[in-house]
Amino acid sequence: MGAHSAKQPIMLPAEIESFLLCPTPQAWIEQALQQQDVLLIDHANCEKKAAATALNLMFRYIERPDLQHKLSRLAREELRHFEQVAAIMKKRGIPYRPVSASLYAGRLRAHVRSSEPGKLIDTLVVGAYIEARSCERFYRLAPYLDEELAKFYRSLLKSESRHYQDYLAMAEKFSGVDIADRVAFFAQVEREAILTPDSEFRFHSGAAA
């Protein structure tokens, strides 16, 4: 198990476990435990980016009321999560400082089609994978963390799982055709993004080399 031993495990939603093709590497967990300041700073950044992504899609696809409704709720929830992370950072004396973005999201979005409706469908599938991986990382980390942070990360499992489901359901609804091939394609891209070593540790990075 590495240098840290796990506490009592918690349950990861079964659909997410099967959706992702690989678990978070243990080496990444060890690095997260050693760099909890960077973990929290980048987690806060990820929550802001998730809210911004939802808002950008709302502006881009104003003709889709169902998408507007789902993403409005999602953006509010992501901003609330940002506030919660920021509060934990303040309590722990961790200053909010700039950190570079991980390559993870860019690796997925590089494969998004440029023309519609493929662009929307792929963007929503990528959103599903980002949310699913976030959920999985909270799950993997929680057993190793102090009680306050573990409780917070466990509390995020339900919402992140719901966000993953919302993105995937929207992709299926708006495509009008079977998207299994695109989901399977991005599953492989996501797996490679997670298993590729990165130069720096980030919330969505592979293990730092």
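Residues numbered from 1 in each chain as written. Predicted model: local features only at pLDDT ≥ 70, side-chain atom pairs only at ≥ 80, totals over all residues. Heavy atoms only, no water.

- For the protein, an unreviewed UniProt entry supplies the name tRNA-(Ms[2]io[6]A)-hydroxylase and the organism Pseudomonas pohangensis.

### Some thoughts on the overall build of the protein
Argument step 1. Helix and strand counts for the protein come out as eight helices and zero strands.
Argument step 2. Secondary structure elements of the protein occur, N-terminal to C-terminal, as α-α-α-α-α-α-α-α.
Argument step 3. Radius of gyration (C-alpha) of the protein: 17 Å, near the 17 Å computed for a compact globule of 209 residues.
Argument step 4. For the protein, contacts bridging at least 24 residues in sequence account for 81% of all contacts bridging at least 6. (Helix = DSSP H or I, 4+ residues; strand = E, 2+ residues; numbered from the N terminus. Rg over C-alpha atoms; globule rule 2.2 N^0.38 Å. Contact = heavy atoms within 4.5 Å.)

### Observations concerning unusual backbone geometry
Argument step 1. Of note, the amide linkage connecting E116 to P117 takes the cis form, showing an omega dihedral of 0°.
Argument step 2. Inspection of the secondary structure puts P117 in the loop between α5 (104-109) and α6 (118-141).

### Focus on the pattern of salt bridges
Argument step 1. Scanning all chains against the criterion turns up 17 salt bridges.
Argument step 2. Here D146 and R92 are joined by a salt bridge, their closest N and O atoms 2.7 Å apart. Pair noted here: D146 is in the loop between α6 and α7 (147-175) and R92 is in the loop between α4 (65-91) and α5, with a separation of 54 residues, a long-range link.
Argument step 3. What makes D146 partly exposed here is its relative accessible area of 31%.
Argument step 4. For R133, the salt bridge is made with E136, and the minimal N-O distance between the two is 3.0 Å. Pair noted here: R133 and E136 are both in helix α6, with a separation of three residues, about one helical turn.
Argument step 5. Overall, R133 belongs to the buried group, its relative accessible area being 0%. (Salt bridge = Lys/Arg side-chain N within 4 Å of Asp/Glu carboxyl O. Buried < 20%, exposed > 50% of the residue type's maximum accessible area, 1.4 Å probe, protein only.)

### Notes on the packing of α6 against α7
Argument step 1. Axis separation between α6 and α7 bottoms out at 8 Å; the angle between their running directions is 160°. Between α6 and α7, the crossing angle belongs to the class labelled roughly antiparallel. Note on packing geometry: the crossing formed by α6 with α7 is left-handed.
Argument step 2. Of the residues belonging to the contact of α6 with α7, the class tally is 19 nonpolar, five polar and two charged. (Axes fitted to C-alpha atoms, helices over the stretch in contact; angles between N-to-C directions. Parallel < 35°, antiparallel > 145°, perpendicular 65-115°, else oblique. Left-handed = near helix turned anticlockwise from the far one by under 90°. Nonpolar A, V, L, I, M, F, W, Y, C, P; charged D, E, K, R; others polar.)

### Considerations on the layout of surface pockets
Argument step 1. Taken as a whole, the largest pocket encloses approximately 360 Å³ of empty space.
Argument step 2. Those elements giving two or more residues to the lining of the largest pocket turn out to be α3 (36-60), α5, α6 and α7.
Argument step 3. Top contributing element to the lining of the largest pocket by residue count: α3, with seven residues.
Argument step 4. Grouping the constituent residues of the lining of the largest pocket by class yields nine nonpolar, six polar and seven charged. (1 Å grid on protein atoms, 1.4 Å probe; cavity = no way out; pocket = protein on both sides within 12 Å on 5 of 7 lines; lining within 4 Å. Points joined across faces, edges and corners; volume = space filled by probe spheres on them.)

### A look at the nonpolar core
Argument step 1. Counting residues in hydrophobic clusters, the biggest one holds 71 residues, and the most contacted among them are F19, Y129, Y153 and Y167.
Argument step 2. When residues of this core are traced back to their parent elements, those giving at least two are α1 (14-19), α2 (26-34), α3, α4, α5, α6, α7 and α8 (180-195).
Argument step 3. Setting aside residues up to four positions removed in sequence, Y167 forms contacts with T53, A54, L57, L71, L74, L124, G127, A128 and E131. (Core = buried A, V, L, I, M, F, W, Y, C linked by side-chain atoms within 4.5 Å.)

### Points about the side chain of Q31
Argument step 1. In this structure, Q31 sits in helix α2.
Argument step 2. A polar contact is formed between the side chain of Q31 and the backbone nitrogen of A208, at a distance of 2.8 Å.
Argument step 3. Excluding residues within four positions of it along the chain, Q31 makes contact with F201, A207 and A208. (Polar contact = N/O pair within 3.5 Å; in protein donor to acceptor, adjacent residues only side chain to side chain.)

### With respect to the packing of aromatic side chains
Argument step 1. Evaluated as defined, the whole model comprises nine aromatic pairs.
Argument step 2. An angle of 40° between the planes, with centres 5.4 Å apart, marks the rings of W28 and F201 as tilted. With W28 in helix α2 and F201 in the segment after α8, this pair connects stretches of sequence that are 173 residues apart. As far as the burial class goes, W28 and F201 line up, both buried.
Argument step 3. Centre to centre, the rings of F185 and F186 are 5.2 Å apart; their planes meet at 75°, and the pair counts as edge-to-face.
Argument step 4. Using a relative accessible area of 0% as the deciding quantity, one classes F186 as buried.
Argument step 5. Among the aromatic residues, those joined into a cluster by ring pairs are W28, F138, F152, Y153, F201 and F203.
Argument step 6. Lying across the ring of F174, R64 places its NZ or CZ 4.8 Å from the centre.
Argument step 7. The ring centre of W28 lies 3.9 Å from the NZ or CZ of R137, which sits over that ring. (Phe/Tyr/Trp six-rings, centres within 6.5 Å; stacked < 30°, edge-to-face > 60°. Lys NZ or Arg CZ within 6 Å of the ring centre and 35° of its normal.)

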